Amino acid sequence: MADGRPDPEALLARVQQEEGSAGRGRLKVFFGAVAGVGKTYAMLQAAHERLEEGIDVVVGYVETHGRAETDALLVGLPEIPPHRVPYRDRILREFDLDGALARKPGLILVDELAHTNAPGSRHQRRFQDVEELLAAGIDVYTTLNVQHLESLNDLVAQVTGVAVRETVPDSIVESADEVELIDLPPDELLGRLRDGKVYVPEQAERAVANFFRKGNLIALRELALRCTADRVDAQMQVYRRAEGAERTWPIAEKLLVCISPSPSAARLVRAGRRLARRLRASWTVLFVEQPRHAALSKEDQAYADHALRLAEELGGETVTLTAHDAVEEIVAFARARNVSKIVVGKPARFWRWRELWSGSFVTRLARASGDIDVFIVHGDERGAPTRSSAVPAPVDWSGYARAVATTGGCTAVAAAGFPWLERSNLVMVYLLGVVVVATRWGRGPSLLASVLGVAAFDFFFIPPHFTFAVADAQYVVTFAVMAAVAAILSTLTARVKLQADVARARERRTGALYALSRELAGTRSLDTMIGAVRRHVEEVFDAATAVFLPGDRGMLEVRGEAPPSFARDAKEVAVASWVGGHGAPAGKGTDTLSGAEGLYLPLTGSRGVVGVLGVHAGAGRPPFTTDQRHLLDAFANQAALALERALLAREAHRNRLAAEGESLRNALLAAVSHDLRTPLAAISGAASSLAFSSDRLDAASSRELVLTIHEEADRMGRLANNLLDMGRLQGSRVALRREWQPLEEVVGAALHDLERQLREREVVLRLPDDLPLVPLDDVLVERVLVNLVENALRYTPPGTTIELGASAGADQVTVEVLDRGPGIPEGEESRIFEKFFRGENAPARQGVGLGLALARAIVEAHGGRIWAENRPGGGAAFRFTLPLTGEPPAAETAP
C-alpha cells in the first residue's frame, strides 16, 4: 500500500468472495436489543416497499404476538401456509421450508432467526432453514435480538441473570449483506409493555419484574449499538482496502504508541494506556527495529522489551517491525490499521547536525502523518529499568581489519591492470570491494573501505603518483562521486543484509511453528506429544524444557523425562503450580516470582489451564526478548491445543467405557430380571401345585409338574452359566482345556442336554465318517452347539426340521446349524452376535441375548470364527470353524 497500488491479495480475496456469492440470495437482518422494539414491524414495512417495486415478496413465517398494528401490515402480503407439526398434546406451527423452496419467491420473510424447530423438522434450527433458502438464491428478511448472538451469550446471562438457550452463530450475522438496527429507548419500550403492545398484561408484568428491568434494557441496548458499530467499522475497513484509500477515516478512535530502546519507553506505554482509557479506544504499541539498534548494548535493548511486556500486561496489542526508516514504517502501519492518533516521546537530546541532514524524527512524523494526530509525551522515567553502568558491547575490530585487507587486495588488482585499463574502470574495482565488505561485515567496515578506497586510488593512480596531491582538479569530482557511491552502496547493501536476516528469522519462526503443529497433528499419544513439544522448544531456544500436567491427586507433576533443573528443585515446581492455579506466566523475565531460574507459561485450552510449560535457559543467560516470548507463547498455544485434544480424547474414551459399562449393567439387570421371571413363575406355580394340591393330582400330572420344575431349573442354570462364562471369557480368565476329541461325541452330548426341547422336533445329522479328531475344549464347544440349537428352536415354528452337520478341510473343521425359520433381517447378520442384542424377530418372552455372544467368544478363543447368513429358500445358517493345529496323539496299538 506504500506505493499507492491496491493489495493483490486483497483484490484476489474480493474476487473470490464475489464468485462465492454469485447465485446466492441476499440476507438482511433487522437487529434489536430485545423483543418489542419493532423489528417485525420494520421488516413488514420494508416488505411492502419491495412489493410496490415489483418484487415477488412472500411471508414465510411471521410471529405478531397478537399486536394489532403488526397484524395490519400482513394484509396484502402473500403467505406460505405454516407447516403444522404434532408435538405431544398440541399442534405447533413451523416454517414450511419445502413449500418455500417450491414457491421460490424473490424475497421471503422469516421471523425469529434464533428459533428452534419442532422435533421431526429437517433442520434443528431456523437459521439453518434460512441458509438453505439463501443457497437456493432466495433473498431473506429476518429478525434477531442481540441476546441470541452466540458470542454474547455468557455476557447477557451475567448482566441479566437469564441464560438464553437459543443462539445463532456470529458468522450468520457477519455474513449478512445488510443489518438494520431497530432501536427504542428503554423508557419508551417499558411504556409499550405497560400498554400491552408487546405482551399480554399478565406476561408484561412478569417481563418488567424480571428480564425487562430498565438496567437490563440499557445494557442490552448498548450491546446492540456496539455490535452494529463494529459491523459498520468492519464494512468500512473492507471498503477502504478495496478502494485503496490512503487517508485515515477517524470514525473510531485507535491509538498507536511508538516506542524506542530508551528509558522513556515504559512511560510512553503508560501514557498511551491512560489516553486510550479516556478515549475508550483500542491501542497498539509499535516498536520499529532499525539497523542502528544492533550496535546498542543489551541494557539499552532491554528498555524496549520491558515496555512491550508492560503493554501486554496492560491489555494492549504489541507489534514489532523491522525497517530502515522508522517514520515511513510507522505511517504505513497507522494507515493500514486506520489509526487516529499516534503517541511518541519527546526526544531527550537534540542533534542539530542530524536534524539539518535528515530532519528530526518528530518533525518528519508530523509531516508524513497527514490527517493523523500526533501526541508528543514527556514526563518522569519512573518504572523504567535502571541503566546499567556496564560499558557497551565491545566493537568487533576483525571486520575493520578485513576491510583494510580487502582494500589492499583491490589496490593490487588495480595495479596489475593499470597499464591496460582506464582510471574509471579502476574505480569499479574499489566499488566492488566496498560491496563485498558491506555484504560480509556490515556498514561500519564498508564505510571504512570506501574512505580507504578513495585514498588508495588518489595515492597510487592519480598523478602526481604516491602523493595525495591532485594535479588535475577534475579528479576532485571523481573522488567525491566515488566516495558518495561507495557510501550509498554500503548503506544499501547493509540494509538488504538486514532485511535478509529478518526474513530468515521469520522463516525460521514460521518453519518451527509449522514443524511443531504438523507433528502434533499427526500424534495421538499424550507422551509422544509432550516429547515433541520438548524437543522443538529445546531446539529453537537451546533451553531445558519440561511439561507439567495434573497427576492422580490433582497436583502438577513433570510428565516424561524431566531435566534435573525441574525434577529436583521444589522451588521451581512451586512456581509451576502457581502458574497452573492462576493461569498467568511467572518466573524469570516476568514480574511474578522473578527469582525462579525458569520461565513458566500456562498451557491454556478452551476449558482452562491444562498444564504448564517450563523453560530453563541457564543461570547466566538473560531473560527472553519480546520476540522470543511471542514465539514461545505460540509454541505454548500449539502445545495447549494438542494436549487438550489428547486429554479430551482420553476423557471421552473413559466416559465411553463408563457409559458402556453402565449400559451393560443396566441391560444385564433388565434382561436377567425379565428372563428369570418366566422360569421362576413356572417353578413357583408347579411347586405350589405339588405342595397344596398333591392329593388331587394323579401320578402323570405330578410327574409333569416335576419335569416342568426340572426343565425351568435347567433353563435358569444355563442362563447363569452363560453369564458366568461370558464374564470369564471377556476378562481373559479362562484357560482352554484343549484335547483331541471326536466331534461326534461333543455333538451327541449337546443333543442329550436338549433332549426334552427336541422331543417334538426332527434333527437331521450330517457327520461324515472320516471326520478327524479336533483339538477343542469339549465343555465349551458343547455350550456353543447348545446355544446355536436353542437359538434355532426359539426362532423356528414347531415341527420344523433342524439340521446339524460338519465338514473337514485342510486346516479346519466347519460346523453348521441350519433351520427353516424366518431368517435373519438384512443388516443384522453380524449384530446378532453382540451382547444383549435381540433381533426384530425375537420372541417377546424369551432370550437375554447372551447365547450367540457367548458362542462367538468361545469360538474366537479357540482361534476360529463364527458367522450367520440366510439360506436359499428361507431359514438361517449358523457356521463356525475350529482350527486343526498341531498333531493328534498317536493311536495306541494292542499288545
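These figures come from a predicted structure and were not determined experimentally.

Reading the values: rules and limits
Residues numbered from 1 in each chain as written. Predicted model: local features only at pLDDT ≥ 70, side-chain atom pairs only at ≥ 80, totals over all residues. Heavy atoms only, no water. Helix = DSSP H or I, 4+ residues; strand = E, 2+ residues; numbered from the N terminus. Buried < 20%, exposed > 50% of the residue type's maximum accessible area, 1.4 Å probe, protein only. Contact = heavy atoms within 4.5 Å. Core = buried A, V, L, I, M, F, W, Y, C linked by side-chain atoms within 4.5 Å. Salt bridge = Lys/Arg side-chain N within 4 Å of Asp/Glu carboxyl O. Pairing = 2+ DSSP bridges. Axes fitted to C-alpha atoms, helices over the stretch in contact; angles between N-to-C directions. Left-handed = near helix turned anticlockwise from the far one by under 90°. Nonpolar A, V, L, I, M, F, W, Y, C, P; charged D, E, K, R; others polar. 1 Å grid on protein atoms, 1.4 Å probe; cavity = no way out; pocket = protein on both sides within 12 Å on 5 of 7 lines; lining within 4 Å. Points joined across faces, edges and corners; volume = space filled by probe spheres on them. pLDDT = per-residue confidence, 0-100. Polar contact = N/O pair within 3.5 Å; in protein donor to acceptor, adjacent residues only side chain to side chain. Phe/Tyr/Trp six-rings, centres within 6.5 Å; stacked < 30°, edge-to-face > 60°. Lys NZ or Arg CZ within 6 Å of the ring centre and 35° of its normal.

A. The arrangement of the overall build of the protein in detail. Within the protein, the regular secondary structure consists of 27 helices and 24 strands. Counting only residues that meet the buried cut, the protein has 40% of its 895 residues in that class. When contacts within the protein are restricted to residue pairs at least 6 apart in sequence, those whose partners lie at least 24 apart make up 69%.

B. Quick look at the nonpolar core. Counting residues in each nonpolar core, the largest one holds 55 residues, and the members touching the most others are Ile108, Leu109, Leu133 and Leu144. With five residues, helix 2 (residues 39–52) is the single largest residue contributor to this core. Those residues within four positions of Ile108 in sequence are excluded, and the remaining contacts are Val58, Gly60, Ile80, Phe95, Ala100, Leu133, Ile138, Asp139, Val140 and Tyr141.

C. Structural view of the pattern of salt bridges. The tally for this structure, following the rule as stated, stands at 16 salt bridges. Notably, a salt bridge pairs Arg879 with Glu816, separated by 2.8 Å at the nearest N-O pair. With Arg879 in strand 24 (residues 876–883) and Glu816 in strand 22 (residues 812–818), this pair connects stretches of sequence that are 63 residues apart. When its relative accessible area of 17% is taken as the criterion, Glu816 is described as buried. Three or more residues are tied together by salt bridges with common partners; here these are Arg766, Glu803, Glu816, Glu869, Arg871 and Arg879.

D. Highlighting the sheet that holds strand 6 (residues 139–145). The five strands lie next to each other as 2-5-6-1-7, forming an open sheet whose pairing is parallel. Edge positions in the sheet fall to strand 2 (57–61) and strand 7 (178–182), since each of these pairs with one other strand and no more. Neighbouring strand axes in the sheet, compared pairwise and without regard to direction, differ in orientation by 20° on average. Examined bridge by bridge, strand 1 (residues 27–32) and strand 7 share five bridges and lie parallel to one another. Looking across to strand 7, one finds that Val29 is bridged to Val179. Where helix 2 meets the sheet, its contacts fall on strand 1, strand 2, strand 5 (107–110), strand 6 and strand 7, and the angle it forms with strand 6 comes to roughly 165°. On the sheet, helix 5 (residues 126–135) packs against strand 1, strand 2, strand 5 and strand 6 and is oriented at approximately 175° with respect to strand 5.

E. Structural detail: the sheet that holds strand 12 (residues 373–377). Judged by pairing direction, the sheet is parallel, and its five strands sit side by side in the order 10-9-8-11-12 without closing on themselves. The open sheet has two edge strands with one neighbour each: strand 10 (317–322) and strand 12. Taken over all neighbouring pairs, the strand axes of this sheet differ in orientation by 25° on average, direction set aside. Relative to strand 11 (residues 341–345), strand 8 (residues 254–259) runs parallel, the two sharing three bridges. In the sheet register, Leu255 faces strand 11, and the bridge partner there is Lys341. Together, strand 8, strand 9 (282–289), strand 10 and strand 11 form the strand contacts of helix 13 (residues 326–336), whose direction differs from that of strand 9 by roughly 150°.

F. Spotlight on the packing of helix 13 against helix 15 (residues 361–369). Interaxial distance between helix 13 and helix 15 falls to 10 Å at its minimum, and their mutual angle equals 35°. Between helix 13 and helix 15 lies a crossing of right-handed hand. Contacts between helix 13 and helix 15 involve Ala326, Val327, Ile330, Val331 and Arg335 on the former and, on the latter, Phe361, Arg364, Leu365, Ala368 and Ser369. Across the contact of helix 13 with helix 15, the residue classes tally to seven nonpolar, one polar and two charged.

G. Representation of empty space enclosed by the protein. This model, assessed by the stated rule, comprises two cavities of 30 Å³ or more. The calculated volume of the largest cavity comes to roughly 60 Å³. Tallied by class, residues from the lining of the largest cavity come to six nonpolar, one polar and two charged. Volume-wise, the second largest cavity comes out at about 50 Å³. If you go around the second largest cavity, the residues you meet are Ala33, Val34, Val37, Asp183, Leu184, Pro186, Leu189, Leu217 and Arg221. Of all the elements in the fold, those that place two or more residues in the lining of the second largest cavity are helix 8 (186–194) and helix 10 (214–243). Looking at the lining of the second largest cavity residue by residue, the class counts come to seven nonpolar, no polar and two charged.

H. Structural detail: the confidence of the model for the protein. Considering every residue of the protein, the mean pLDDT works out to 77; 77% of them sit at 70 or more. Confidence, read as mean pLDDT per element, is least for helix 14 (residues 352–358) in the protein (50) and greatest for strand 5 (94). Taken together, the stretch residues 379–393 has pLDDT below 50 and engages in 19 contacts with residues farther than four places along the chain or on a different chain.

I. Region of interest: the side chain of Glu803. Relative to the helices and strands, Glu803 is located in strand 21 (residues 801–808). Note on Glu803: relative accessible area 17%, which makes it buried. A polar contact is formed between the side chain of Glu803 and the side chain of Arg871, at a distance of 3.5 Å.

J. Seen up close, the packing of aromatic side chains. In the structure shown here, the tally under the stated rule is four aromatic pairs. When the centroid spacing of 4.9 Å and the interplanar angle of 80° are considered together, the rings of Phe459 and Phe460 count as edge-to-face. When its relative accessible area of 22% is taken as the criterion, Phe459 is described as partly exposed. Its end group placed over the ring of Tyr141, Lys28 keeps NZ or CZ at 5.5 Å from the ring centre. The cationic tip of Arg865 hangs over the ring face of Trp867; the distance from NZ or CZ to the ring centre is 3.9 Å.

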